[in-house]
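Remarks on the overall topology
Single-letter residue listing:
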Amino acid sequence: MSFRFKILIPLPSTDFDPTESAVPWQILTERNFDVFFSTPDGKPGQADERMLVGKGLGIWKPILMAHKNARVAYQKMINDTRFLNPIPYRDLTPEEFSGVILPGGHAPGMKEYLESNSLQEFVGAFFSTGKPLGAICHGVVLAARSKQPDTGLSILHGKKTTALLKSQELAAWNLTRFWLGDYYRTYPQTVEDEVKSALKDPGDFFFGPKPIFRDNHKKLKRGHVVVDGNYVSARWPGDAYSFTNSFANLF
């Protein structure tokens, strides 16, 4: 099989969202993209277990955990040769890849991914090439923290974007904080507020329709995606299918 494009999906060692990683992997591999992974130390990552099994989510389990199609895709993804042999962050070079997707996740293990200087430098350098970059949920935080090599400004400065909405983040936190604490609050500042602070104009942040229903391969219109040139963004796992299709359509 000959592949058309090489796509990179960076991940932390643990706690990434299974839907936002596995759905893009599945769609892109089905469309004959060659998907690679990267982790801090070059060892296979592990998704947020709570999102896979629903432990501790109480009555909100059917709403908050990953849906069945995403869980099935995740089980396939973790047996993929590329997933089992990820590239260490330090070895990434922008020239090697045709596109990059930045998944999200909210549990504490995400911080090594969101705060990695080497990964931020790679994302900034990659974005400056003009090749497609996609970011979803907390992945938009990584994009916002990545700088343009020539100006030092965020790569999102001057771009239109969306990300996990403050209303979504606080709702999940309020529903579970009495027994899960700050599990749904990665940082004291919400994703929406941090992303807006990196933009040229806060009006460049787009909320989209109320995120009530998740999209799927048959109902793409349920998802909300913002496309601005080579950059694609989305809000939450419920946008994953429309997000990945929009990203793939840039090639």
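Heads up: the structure comes first, above all this text.
Since this is a predicted model, take the numbers as computed values, not measurements.

1. Concerning the packing of helix 1 (residues 18–30) against helix 4 (residues 68–77)
- The contact between helix 1 and helix 4 brings their axes to 8 Å, and the two run at 70°. The angle between the axes of helix 1 and helix 4 places the two elements in the roughly perpendicular class. In this structure, helix 1 crosses over helix 4, and the sense of that crossing is left-handed. Here Pro-18, Thr-19, Ser-21, Ala-22, Val-23, Trp-25 and Gln-26 of helix 1 come into contact with helix 4, specifically with Ala-70, Ala-73, Tyr-74, Lys-76 and Met-77.

2. Topic: the nonpolar core
- Leu-102, Phe-122, Leu-156 and Val-195 are the most contacted members of the largest nonpolar core, which totals 66 residues.
- Among the nonpolar cores identified, the runner-up in size contains 10 residues, and Leu-64, Ala-107, Trp-173 and Leu-180 belong to it.

3. Here we look at helix 4
- Here helix 4 has its buried residues at Ala-70, Ala-73, Tyr-74 and Met-77. An end-on view of helix 4 places all buried positions within 105° of arc, on one side of the element.
- At its buried positions, helix 4 is contacted by strand 2 (14–16), helix 1, strand 3 (34–39), strand 4 (46–47), helix 2 (49–53) and helix 5 (81–84).

4. Thoughts on the side chain of His-224
- Mapping His-224 onto the fold places it in the loop between helix 10 (191–198) and strand 8 (225–228).
- With near-sequence residues (within four places) excluded, His-224 lies in contact with Thr-162, Phe-206, Phe-207, Gly-208, Pro-209, Ser-233, Ala-234, Arg-235, Asp-239 and Ser-242.

5. A word on the pattern of salt bridges
- Inspection of the entire model under this criterion finds 8 salt bridges.
- One salt bridge in this structure joins Lys-166 and Asp-193, with 3.2 Å as the shortest N-O distance. With Lys-166 in helix 9 (residues 166–180) and Asp-193 in helix 10, this residue pair connects regions lying 27 residues apart in the sequence.
- Take Lys-166: its relative accessible area is 29%, and that puts it in the partly exposed class.
- Judged by relative accessible area, Asp-193 falls into the partly exposed class, the value being 28%.
- The residue Glu-169 makes a salt bridge to Arg-185 at a minimum N-O spacing of 3.5 Å. Residue Glu-169 is found in helix 9, and its partner Arg-185 is found in the loop between helix 9 and helix 10; the two are separated by 16 residues along the sequence. One exposure class covers both Glu-169 and Arg-185, and it is buried.

6. Topic: the packing of helix 1 against helix 11 (residues 240–248)
- Following both chains from N to C, one finds helix 1 and helix 11 inclined at 45°, their axes separated by 9 Å at the closest point. As the angle between them shows, helix 1 and helix 11 are arranged oblique. The crossing of helix 1 and helix 11 is right-handed. Where helix 1 abuts helix 11, its residues Thr-19, Val-23, Pro-24, Ile-27 and Leu-28 lie against Ala-240, Tyr-241, Thr-244, Asn-245, Phe-247 and Ala-248.

7. Quick word on unusual backbone geometry
- With a phi close to 70°, Asn-32 is a non-glycine residue in the positive phi region.
- Position of Asn-32 relative to the elements: it lies in the loop between helix 1 and strand 3.
- Positive phi is not limited to glycine here, since Cys-137 has a value of about 60°.
- Here Cys-137 shows up in the loop between strand 7 (133–136) and helix 8 (139–145).
- Residue Cys-137 is classed as buried on the basis of its relative accessible area of 7%.

Cut-offs applied
- Residues numbered from 1 in each chain as written.
- Predicted model: local features only at pLDDT ≥ 70, side-chain atom pairs only at ≥ 80, totals over all residues.
- Heavy atoms only, no water.
- Axes fitted to C-alpha atoms, helices over the stretch in contact; angles between N-to-C directions.
- Helix = DSSP H or I, 4+ residues; strand = E, 2+ residues; numbered from the N terminus.
- Parallel < 35°, antiparallel > 145°, perpendicular 65-115°, else oblique.
- Left-handed = near helix turned anticlockwise from the far one by under 90°.
- Contact = heavy atoms within 4.5 Å.
- Core = buried A, V, L, I, M, F, W, Y, C linked by side-chain atoms within 4.5 Å.
- Buried < 20%, exposed > 50% of the residue type's maximum accessible area, 1.4 Å probe, protein only.
- Arc of directions from axis to C-beta.
- Salt bridge = Lys/Arg side-chain N within 4 Å of Asp/Glu carboxyl O.

The quantities given are spatial measurements derived from coordinates; they are silent on function.
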